[in-house]
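Spelled out from the first residue to the last, the chains are:
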Amino acid sequence: SGLLGLPEMLLRVCGLALLPYAAVLAFAGTRPVINPMVVWLVIAGNLLWTVASGVLLVSGWVSPSALGYVFVILQALAVLGFAEFQIIGLRRQRHPMAIVA
């Protein structure tokens, strides 16, 4: 919190919100066949996170340090990259109704 200039409560809430997200990813990743709808939900979550990160920085709700800006921007770009890879993976599937893990 101190280095990033972001409120501690915001960081805690984000961390707690990521726990069920990680559980869904872990569950889906251990299935021999993944329902494409689950993948689309993960993609939607990643895109929502990316947009929320941008809104956070331009909204004036927080006053991050320079390191905080860099951190939020880089993690948003990484999450956007995950979404892109997931979309590419869906498009490459031969069987549109099932994704083999």
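Values in this document were obtained by computation on a predicted structure and should not be read as measured data. (Residues numbered from 1 in each chain as written. Predicted model: local features only at pLDDT ≥ 70, side-chain atom pairs only at ≥ 80, totals over all residues. Heavy atoms only, no water.)

Caption draft 1: A look at the side chain of Gln 75. Within the secondary structure, Gln 75 sits in helix 3 (residues 66–92). Reaching out from Gln 75, the side chain makes a polar contact with the side chain of Ser 53 at a distance of 2.9 Å. A polar side-chain atom of Gln 75 sits 3.0 Å from the main-chain carbonyl oxygen of Val 72. (Helix = DSSP H or I, 4+ residues; strand = E, 2+ residues; numbered from the N terminus. Polar contact = N/O pair within 3.5 Å; in protein donor to acceptor, adjacent residues only side chain to side chain.)

Caption draft 2: Expanded view of helix 3. Spanning 27 residues, helix 3 covers 39 Å between terminal C-alpha atoms, matching the ideal 39 Å at 1.5 Å per step. The complete set of buried residues in helix 3 reads Gly 68, Val 72, Gln 75, Ala 76, Val 79, Ala 83, Ile 87 and Leu 90. (Expected span 1.5 Å × (residues − 1). Buried < 20%, exposed > 50% of the residue type's maximum accessible area, 1.4 Å probe, protein only.)

Caption draft 3: Just the side chain of Thr 50, in detail. Within the element layout of this structure, Thr 50 appears in helix 2 (residues 36–59). Here Thr 50 falls in the buried class, since its relative accessible area comes to 16%. Not counting residues up to four positions away in its chain, the partners in contact with Thr 50 are Ala 76, Val 79 and Leu 80. (Contact = heavy atoms within 4.5 Å.)

Caption draft 4: Representation of the packing of helix 2 against helix 3 in the model. Packing of helix 2 against helix 3 brings their axes to within 9 Å, and their N-to-C directions diverge by 155 degrees. Accordingly, the angle class assigned to the pair helix 2 and helix 3 is roughly antiparallel. With respect to the hand of their crossing, helix 2 and helix 3 are arranged in left-handed fashion. Residues Pro 36, Val 39, Trp 40, Val 42, Ile 43, Asn 46, Leu 47, Trp 49, Thr 50, Ser 53 and Leu 57 of helix 2 lie in contact with helix 3, whose contacting residues are Tyr 69, Val 72, Ile 73, Gln 75, Ala 76, Val 79, Leu 80, Phe 82, Ala 83, Gln 86, Ile 87 and Leu 90. For the contact of helix 2 with helix 3, the per-class residue count stands at 18 nonpolar, five polar and no charged. (Axes fitted to C-alpha atoms, helices over the stretch in contact; angles between N-to-C directions. Parallel < 35°, antiparallel > 145°, perpendicular 65-115°, else oblique. Left-handed = near helix turned anticlockwise from the far one by under 90°. Nonpolar A, V, L, I, M, F, W, Y, C, P; charged D, E, K, R; others polar.)

Everything listed here is a matter of coordinates, which is why it stays silent on function.
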